[in-house]
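This is what each chain is made of:
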Amino acid sequence: MIVGGTLPTQIVLTILAASSLASWWLIFGKARQFRAVRRQGDEFLERMERAQRLEEAYKAILALPDSPYGRVFRQGVNFFSELRPGALREGAPPTQGLSLTQLEALRLVLEKEEAEERDELARGLGWLAVIGSVSPLMGLMGTVIGVMNAFLGITSSGSSNIMAVAPGVAEALITTVAGLAVAIPAVIAYNHFVGKLNLVSGELEGFSSEFIGTLAREGQV
């Protein structure tokens, strides 16, 4: 039925096939990305728990592969070092803590880095949402066009026999099935990855608060 189908049906099925390939490419890519981020997060938190002071944690993090957690941490440390040069150096004398304005600026810097990391992880999820929502409509459009052609064929032939109607209707329904087959994995994957994204975002926000708390505990705030 697909090979011998009408041109509109074949066009819709071609679009759906391309959408399916793009969807699965995004699914495998995002799964690999979130799996790597999860592994990097575990390594990062393990190093952070071993460190006794902030400068020890900074040295330990530098040895780890680049990750969203490490980038947020380095951004915070670098900004703090600009405000208080040499304060995190080993054996450095006590320095005056950050003012409220500087502390708020540090918080904004951390939030900006968190937003950038969240946007990077969310890249591609919008296309999954588009494929998941548009594919059923595309399949329905193909079905409607197919049914219209089937009835026009009946009108021109003058035959209302079920045997004459059934092949055209069956061909038309293929596009609906194809649209649902493309949309269901995309929607499931989108919701799964959004949950993963929210988990990582929450961990980054919690780490930023813990970073400021560490500065306060060490008398830097």
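Residues numbered from 1 in each chain as written. Predicted model: local features only at pLDDT ≥ 70, side-chain atom pairs only at ≥ 80, totals over all residues. Heavy atoms only, no water.

### Description of the packing of helix H2 (residues 54-62) against helix H3 (residues 68-83)
One can describe the packing of H2 onto H3 by two numbers: an axis separation of 11 Å at closest approach and a directional angle of 135°. Put simply, H2 runs oblique to H3. Where H2 crosses over H3, the two elements pack in a sense that is left-handed. Across the interface between the two elements, Leu54, Ala57, Tyr58, Ile61 and Leu62 from H2 touch Gly70, Phe73, Arg74, Val77 and Asn78 from H3. Taken together, the residues of the contact of H2 with H3 break down into seven nonpolar, two polar and one charged. (Axes fitted to C-alpha atoms, helices over the stretch in contact; angles between N-to-C directions. Helix = DSSP H or I, 4+ residues; strand = E, 2+ residues; numbered from the N terminus. Parallel < 35°, antiparallel > 145°, perpendicular 65-115°, else oblique. Left-handed = near helix turned anticlockwise from the far one by under 90°. Contact = heavy atoms within 4.5 Å. Nonpolar A, V, L, I, M, F, W, Y, C, P; charged D, E, K, R; others polar.)

### As for the confidence of the model for the chain
Within the chain, residue pLDDT values average 83, and 83% of them lie at 70 or more. Across the chain, the element-wise mean pLDDT spans from 76 in H2 up to 90 in helix H1 (residues 7-50). (pLDDT = per-residue confidence, 0-100.)

### Quick look at the nonpolar core
By size, the foremost hydrophobic cluster in this structure holds 42 residues, and its most contacted members are Phe44, Phe73, Leu106, Leu128, Phe193 and Phe211. Where this core is concerned, the elements lending two or more residues are H1, H2, H3, helix H4 (100-122), helix H5 (125-157) and helix H6 (162-217). Sorting elements by how many residues they give to this core places H6 first, with 13 residues. Those residues within four positions of Leu128 in sequence are excluded, and the remaining contacts are Ser23, Leu26, Ile27, Ala186, Ala189, Tyr190 and Phe193. (Core = buried A, V, L, I, M, F, W, Y, C linked by side-chain atoms within 4.5 Å. Buried < 20%, exposed > 50% of the residue type's maximum accessible area, 1.4 Å probe, protein only.)

### Regarding the pattern of salt bridges
Scanning the entire structure with this criterion turns up seven salt bridges. Residue Glu203 pairs with Arg38 through a salt bridge whose shortest N-O separation is 3.2 Å. Here the residue Glu203 occupies a position in helix H6, and Arg38 occupies one in helix H1, the gap between them amounting to 165 residues. Owing to a relative accessible area of 25%, Glu203 belongs among the partly exposed residues under this scheme. (Salt bridge = Lys/Arg side-chain N within 4 Å of Asp/Glu carboxyl O.)

### Thoughts on a nonpolar patch on the surface
Taken together, Leu7, Ile11 and Ile15 make up a surface patch of nonpolar side chains, about 280 Å² in accessible area. Within the secondary structure layout, Ile11 lies in helix H1. Overall, the relative accessible area of 44% leaves Ile11 in the partly exposed class. (Patch = residues over 30% accessible without salt bridge, like charges linked within 9 Å, V, L, I, M, F, W, Y side chains within 5 Å. Areas by Shrake-Rupley, 256 points an atom, 1.4 Å probe, with all protein chains shown as cover.)

### Comments concerning the packing of H1 against H3
Two measures define how a pair of helices packs: the angle their axes make with one another and the distance between the axes. Running from amino to carboxyl end, H1 crosses H3 at an angle of 45°, the nearest separation of the two axes being 8 Å. With respect to each other, H1 and H3 are oriented oblique. Between H1 and H3, the contacting residues are Val37, Arg38, Gln40, Gly41, Phe44 and Met48 on the first element and Pro68, Tyr69, Gly70 and Phe73 on the second. Its residues placed into classes, the contact of H1 with H3 shows six nonpolar, three polar and one charged.

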